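Coordinate inspection notes
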Amino acid sequence: MEQLRNGKRLIFFPLPFQGHINPMLELANILHSKGFSITIIHTSFNSLNPSSHPHFTFHSIHEGFSKSGTLKDTLLVISSLNANCHEPFRGCLTRLLSDVSKEPVACLITDSVYDFTKSVAESLKLPRILLRAWSASSFAIYATFPLLREKGYLPKQDSRLEEEVTELSPFKVKDLPLINSDGPERYFKIIADLEDQTKASCGLILNTFEDLDEHALATIRQNYSIPVFSLGPFHKCYPNSSSTSSSLLAQDQSCISWLNRQAPKSVIYVSFGSVAAINEAQFLEIAWGLANSKQPFLWVVRPGLVPGSDWLEALPSGFHETLNGKGHIVKWASQKEVLSHQAIGVFWTHNGWNSTLESICEGIPMICMPCSADQMMNARYVSDVWKVGLQLEDGVERGNIEKTIRKLLVEKEGEEIKDRVVKLMQKANFCLKPGGSSYQSLDALIKHILSFN
Ligand SMILES: O=c1ccn([C@@H]2O[C@H](COP(=O)(O)OP(=O)(O)O[C@H]3O[C@H](CO)[C@@H](O)[C@H](O)[C@H]3O)[C@@H](O)[C@H]2O)c(=O)[nH]1
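The notes below deal with the structure included here. Just so it is clear, the model here is predicted, and its values are computed rather than measured.

Quick notes on the rules
Residues numbered from 1 in each chain as written. Predicted model: local features only at pLDDT ≥ 70, side-chain atom pairs only at ≥ 80, totals over all residues. Heavy atoms only, no water. Helix = DSSP H or I, 4+ residues; strand = E, 2+ residues; numbered from the N terminus. Contact = heavy atoms within 4.5 Å. Near = heavy atom within 4 Å. Polar contact = N/O pair within 3.5 Å; in protein donor to acceptor, adjacent residues only side chain to side chain. Areas by Shrake-Rupley, 256 points an atom, 1.4 Å probe, with all protein chains shown as cover. Nonpolar A, V, L, I, M, F, W, Y, C, P; charged D, E, K, R; others polar. Domains from an automatic or database assignment. Pairing = 2+ DSSP bridges. Axes fitted to C-alpha atoms, helices over the stretch in contact; angles between N-to-C directions. Phe/Tyr/Trp six-rings, centres within 6.5 Å; stacked < 30°, edge-to-face > 60°. Buried < 20%, exposed > 50% of the residue type's maximum accessible area, 1.4 Å probe, protein only. Lys NZ or Arg CZ within 6 Å of the ring centre and 35° of its normal.

**Thoughts on the side chain of S359**
Inspection of the secondary structure assignment puts S359 in helix 13 (residues 353–361). Every residue in contact with S359, bar those within four places of it in the chain, is listed here: L339, F347, I364, P365 and M366.

**Notes on the site of the ligand**
Taken together, 22 residues are adjacent to the ligand, and S274, A333, S355, E358 and D374 come closest. A distance of 3.1 Å separates an oxygen atom of the ligand from a polar atom in the side chain of H20. Between the ligand and the protein, one listed contact pairs an oxygen atom with a side-chain N or O atom of W134 at 3.5 Å. Expressed as a share of its isolated accessible area of 700 Å², the protein-covered part of the ligand is 95%. Mapped onto the shell around the ligand, the elements with two or more residues apiece are helix 1 (18–33), strand 8 (267–271) and helix 13. Considered class by class, the residues forming the shell around the ligand number seven nonpolar, 13 polar and two charged. A domain split of the shell around the ligand shows at least three residues from each of domain 1 (9–232 + 433–450) and domain 2 (254–428).

**A short note on the sheet that holds strand 3 (residues 57–61)**
The parallel open sheet is built from seven strands, whose spatial order is 3-2-1-4-5-6-7. Across the chains shown, the open sheet's two edge strands, defined by having one partner strand only, are strand 3 and strand 7 (228–230). Pairs of neighbouring strands in the sheet enclose a mean axial angle of 20°, with direction left out of account. Where strand 1 (residues 9–13) lies against strand 4 (residues 105–111), five bridges are found, and the strand directions are parallel. Residue pairing across strands places I11 opposite L108, the latter belonging to strand 4. Along the sheet, helix 7 (residues 210–223) makes contact with strand 6 (204–206) and strand 7, crossing strand 7 at roughly 170°.

**With respect to the sheet that holds strand 12 (residues 366–368)**
Spatially, six strands are ordered 10-9-8-11-12-13 in an open sheet, and the strand pairing comes out parallel. For this open sheet the edge positions go to strand 10 (327–330) and strand 13 (389–391), each flanked by a neighbour on one side alone. For this sheet, the mean angle separating the axes of adjacent strands, direction not counted, is 15°. With five bridges connecting them, strand 8 and strand 11 (residues 344–349) associate as parallel partners. When the bridges of strand 11 are listed, S271 appears paired with T349. Lying on the sheet, helix 14 (residues 375–385) is in contact with strand 12 and strand 13; it crosses strand 13 at an angle near 120°.

**Topic: the environment of S309**
Its location among the elements puts S309 in the loop between strand 9 (297–300) and helix 11 (319–323). Each C-alpha atom of the pair S309 and G389 lies 30 Å from the other, and the pair is 80 residues apart in sequence. Polar contacts involving the side chain of S309 include one to the side chain of E313, which spans 3.3 Å.

**Digging into the packing of aromatic side chains**
A full pass over the atoms with the stated rule returns 20 aromatic pairs. Note on F45 and F65: the rings are 5.1 Å apart at their centroids and 70° apart in plane angle, and the pair reads as edge-to-face. With F45 in the loop between strand 2 (37–43) and strand 3 and F65 in the loop between strand 3 and helix 2 (74–97), this pair connects stretches of sequence that are 20 residues apart. Take F65: its relative accessible area is 15%, and that puts it in the buried class. The rings of W134, F139, Y142, F145, F188 and Y224 are connected pair by pair, giving a single aromatic cluster. In this structure, R132 is placed above the aromatic ring of W134, and the distance from its NZ or CZ to the ring centre is 4.7 Å. Here K199 stacks its cationic end above the ring of Y224, 5.8 Å away from the centre of that ring.

No statement about biological role is implied by the geometric values presented.
This is the structure:
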């Protein structure tokens with residue numbers, strides 16, 4: 001049943017990357033289901049498709065990029081978005097605020113990476129709430145950066161990568177989130193700015209739940225004196241969200257008919273999200289590791305996954321024949337639908353936060369192959385804190401891959417891991433029910449928004 005409108009409008013501003021668009025639109029769906037009208041401001045770079053969300057109003061701003069695909073350095077793209085979007089965003093927001101034909105705007109909900117939204121919202125006297133798309137634990141670590149620098153853990157030194165960061169156990173130096181860039185100073189500055197603009201916001205929303213991230217959430221609440229709302233997992237809050245796709249790439253539906261022909265809990269699903277890149281040698285080790293495991297696998301090879309390669313041309317001729325129908329390779333899948341399929345036994349992931357949470361929510365154990373940013377910390381939590389997956393600690397090598405797959409699918413260790421992830425999945429379901437922590441957090445968020453005048 002359609003919820004009565006509450007006469008308030010919310011303006012959402014997603015960062016134009018798949019891993020940020022998905023949680024932002026899921027959150028918009030949740031708040032729409034609670035009676036808010038929704039307006040989305042989006043960039044023309046990785047532009048959204050309004051027809052997939054007919055219940056929202058869309059406004060596009062031009063960020064000045066010539067065409068999509070210039071993603072070699074994510075940090076550079078983010079800096080350019082912050083530099084270029086400022087004025088078009090201000091213009092668009094000013095027009096929306098003065099539009100008396102629509103409901104009054106209660107607040108702006110923006111991706112936390114957009115730093116200029118602080119000054120724009122302040123100058124327009126509009127309350128601004130941040131959505132942080134990373135996990136709580138990888139966000140909580142920011143406040144420790146000065147200490148990590150002082151102790152010499154950052155910038156990372158090759159000789160110390162395997163060392164445990166005793167102040168942040170179980171993280172190792174190699175897990176710390178230093179994105180490859182042309183110099184650490186630029187990254188440290190971005191983090192410091194992010195800290196400041198978070199403290200100046202009216203609230204912070206995280207896509208997690210108390211039972212999963214209790215400790216990190218407590219640290220965040222202690223470090224930032226702003227309201228913090230943990231109302232995830234978003235994609236499970238709003239029952240119809242999977243039908244309103246926010247996918248930038250076409251999802252290959254052949255995955256589902258192929259999965260329908262596989263035995264329950266037998267398939268390894270392999271996907272490294274929308275940004276990660278691997279080299280050709282790793283690509284071949286993955287291919288042979290999967291083939292040699294003799295388990296059925298569904299592999300998402302996104303065009304661009306191996307830089308310089310269009311798609312599968314690096315695979316040796318005859319590779320497909322050796323599989324005997326046991327492998328299915330696609331360019332992009334309907335991941336949430338795939339993970340909820342009864343045939344899936346293991347998810348081999350790069351541990352982007354959305355993929356990690358989606359796997360937990362379906363009770364699927366993970367093989368962790370983090371590539372950058374927060375992924376190493378998410379993977380460390382998966383393997384060492386929640387103990388719901390295994391890392392390829394000894395490298396991406398076919399024998400090691402085969403061994404790890406066996407551990408998870410055949411050996412006792414795998415059964416224990418499976419039991420733990422199923423328990424976490426049950427906690428995820430429970431927190432969304434009336435009285436559960438995320439249910440209460442959503443109520444608190446709504447009250448907070450309605451308190452703005
Ligand atoms: O074939 C696919 C593969 C992925 N997805 C979806 O795409 C999203 C991918 O998000 P995520 O797993 O977080 O990975 P990235 O795309 O790499 O996300 C970026 O954004 C995340 C949130 O900030 C960070 O945690 C990551 O490190 C960063 O790379 C998920 O919702 C998936 O369900 C599909 O729909 N089909």
